[in-house]
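Residue strings, one per chain:
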Amino acid sequence: MNIQQVAEKLSISADTIRRWERLGMIPPITRDSDGLRTFTDTDIRWVEYAKLLNMMNVSPDFQIEYVKLAMLGKKAIPARQSLLQEQLNQLKEDHQCLTDRINEMEKMVEKEEIA
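What this report covers is the structure whose coordinates are included nearby. Here the structure is a predicted model, which is why all the values come from computation and not from measurement.

### Looking at the overall build of the protein
What the protein contains, in helices and strands, is 5 helices and 0 strands. Helices and strands in the protein line up, N terminus first, as α-α-α-α-α. Radius of gyration (C-alpha) of the protein: 19 Å, far over the 13 Å computed for a compact globule of 115 residues. Structurally, the protein occupies a C-alpha span of about 70 × 35 × 20 Å along its principal axes. Residues classed as buried in the protein amount to 29% of the 115 residues present. For the protein, the proportion of contacts with a sequence separation of at least 24, taken over those separated by at least 6, is 45%.

If you want it as structure tokens, here you go:
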């Protein structure tokens, strides 16, 4: 698949994919003899992963570090697991904070209905 096909499939821009690759948020994509990116299924999964992390507001620094560790192979599994656990803990904390805000907003709505 070429970059435009991947972009359309995943509903993101080709420029976004290029930027993620340039920043190291996805591993380097293989290029054909003309220098055009040729995406494998694995490459597409990496782009999907980057999109998901961006939707969760995960920092680019985390994504870059994770890709670097992934490129090291199996020897970096413990470090990757640790990094993922840290991020999961942060997401849970953020979720709890958001839940608390929702509860407060619901109370405000109730008070407005009574007033």
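Right, picking up where we left off after that structure.
### Digging into the packing of aromatic side chains
Per the stated rule, a full pass over the model turns up 4 aromatic pairs. On the numbers, 6.1 Å between centres and 50 degrees between planes, the contact of tryptophan 46 with tyrosine 66 is tilted. With a gap of 20 residues between them, tryptophan 46 in helix H3 (residues 41-55) and tyrosine 66 in helix H4 (residues 60-71) connect regions that are remote in the sequence. Residues tyrosine 49 and tyrosine 66 carry aromatic rings whose centres are separated by 5.6 Å and whose planes lie at 45 degrees to one another, so their mutual orientation is tilted. Placement of tyrosine 49 in helix H3 and of tyrosine 66 in helix H4 is noted, with a sequence separation of 17 residues between them. Note on tyrosine 66: relative accessible area 14%, which makes it buried. Three or more aromatic residues joined by ring pairs form one cluster here, namely Trp46, Tyr49, Phe62 and Tyr66.

### Details of a nonpolar patch on the surface
A contiguous nonpolar surface patch, about 300 Å² in accessible area, is contributed by Met105, Met108 and Val109. Among the structural elements, methionine 105 can be located in helix H5 (residues 77-114).

Cut-offs and rules
Residues numbered from 1 in each chain as written. Predicted model: local features only at pLDDT ≥ 70, side-chain atom pairs only at ≥ 80, totals over all residues. Heavy atoms only, no water. Helix = DSSP H or I, 4+ residues; strand = E, 2+ residues; numbered from the N terminus. Rg over C-alpha atoms; globule rule 2.2 N^0.38 Å. Buried < 20%, exposed > 50% of the residue type's maximum accessible area, 1.4 Å probe, protein only. Contact = heavy atoms within 4.5 Å. Phe/Tyr/Trp six-rings, centres within 6.5 Å; stacked < 30°, edge-to-face > 60°. Patch = residues over 30% accessible without salt bridge, like charges linked within 9 Å, V, L, I, M, F, W, Y side chains within 5 Å. Areas by Shrake-Rupley, 256 points an atom, 1.4 Å probe, with all protein chains shown as cover. Salt bridge = Lys/Arg side-chain N within 4 Å of Asp/Glu carboxyl O.

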